[in-house]
Amino acid sequence: MDFEPKYQTIRRKVRYQVSDRESIEITNRKPLEILRDTEGLIRRQAVAAIVPVVSQPLAAKIESASEVAEDSLSVLAEIDLDAISDAELQPARILVGLSFVGFGALAIALLTLFIDTLHPQLTHQQQIHQYWYPYVFFVSLGVTGLLTLGREIMRFTK
């Protein structure tokens, strides 16, 4: 049994007010198109409010970043989520699992280095007592990554 969400198009008419004189009516929209349009409406208003306030070089950088975001989200909105299979997503899920495991291990190593460097007077029991929550959080990240990797191994070895 797989609990992956199935994306469906939204079948209702939505009317957006673009300016005082024009509005757009959109039907049969996919989730990535909704993301693109929603982010675009918010970003354009924010850029229009920020650009007059900041210096000219910074305003040019903000506008170019806005254009890059517009292009990137337009390319993203063209992706058909229904056409992506589980086999195509397997490498991404494996990389996410490995990233969680690696970050958890690195964070535990840095936490240990931090404790030993800044608090050498503490015993191991005092260290665990004082830094329990970060330790549990980093271990949980590692375990989450291991569970993700295990799920991927079991999924395609049938």
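Refer to the structure above for everything that follows.
None of these values were measured; they are calculated from a predicted model. (Residues numbered from 1 in each chain as written. Predicted model: local features only at pLDDT ≥ 70, side-chain atom pairs only at ≥ 80, totals over all residues. Heavy atoms only, no water.)

Colleague: Help me understand a nonpolar patch on the surface in this model?
Modeller: A contiguous nonpolar surface patch, about 350 Å² in accessible area, is contributed by Leu35, Leu76, Ile79, Ile84 and Leu89. Within the element layout of this structure, leucine 35 appears in helix α1 (residues 31-50). (Patch = residues over 30% accessible without salt bridge, like charges linked within 9 Å, V, L, I, M, F, W, Y side chains within 5 Å. Areas by Shrake-Rupley, 256 points an atom, 1.4 Å probe, with all protein chains shown as cover. Salt bridge = Lys/Arg side-chain N within 4 Å of Asp/Glu carboxyl O. Helix = DSSP H or I, 4+ residues; strand = E, 2+ residues; numbered from the N terminus.)

Colleague: I keep staring at helix α5 (residues 132-155) and nothing clicks. Help me out?
Modeller: Given 3.6 residues per turn, any residue in an α-helix points the same way as the ones three and four places further on. With 24 residues, α5 extends 34 Å from end C-alpha to end C-alpha; this agrees with the ideal 34 Å at 1.5 Å per step. For α5, the set of buried residues is Phe138, Leu141, Gly142, Gly145, Leu149, Glu152 and Arg155. Its buried side turned inward, α5 meets α3 (86-118). (Expected span 1.5 Å × (residues − 1). Buried < 20%, exposed > 50% of the residue type's maximum accessible area, 1.4 Å probe, protein only. Contact = heavy atoms within 4.5 Å.)

Colleague: Looking at this model, I keep getting lost on the nonpolar core. Mind explaining?
Modeller: General note: in soluble globular proteins, nonpolar side chains tend to be found buried as a group. In terms of nonpolar packing, the biggest core is built from six residues, these being Ala107, Leu111, Ile115, Tyr131, Phe138 and Leu141. Counting only elements with at least two residues in this core, the list comes to α3 and α5. In terms of residue count, α3 provides more of this core than any other element does, three residues in total. (Core = buried A, V, L, I, M, F, W, Y, C linked by side-chain atoms within 4.5 Å.)

Colleague: What's the story with the pattern of salt bridges in this structure? I'm lost.
Modeller: A pair can form between side chains of opposite charge whenever their charged atoms are brought close. Using the criterion set out here, one finds seven salt bridges in the structure. Salt-bridge contacts for arginine 43 lead to glutamate 70; the nearest nitrogen and oxygen are separated by 2.8 Å. Taken together, the positions of arginine 43 in helix α1 and glutamate 70 in helix α2 (residues 56-77) put the pair 27 residues apart, joining distant regions of the chain. For arginine 43, a relative accessible area of 11% translates into the label buried. In this structure glutamate 70 comes out as partly exposed when scored by relative accessible area, which is 24%. Note that glutamate 152 and arginine 93 form a salt bridge whose closest N and O atoms lie 2.6 Å from each other. Remark: arginine 93 occurs in helix α3 and glutamate 152 occurs in helix α5; sequence separation between them is 59 residues. Classification of glutamate 152 by relative accessible area gives buried; the value is 3%. Owing to a relative accessible area of 14%, arginine 93 belongs among the buried residues under this scheme. Each of Glu39, Arg43, Arg44 and Glu70 takes part in salt bridges that share partners, so that together they form one network.

The values reported here are purely geometric and, on their own, carry no functional implication.
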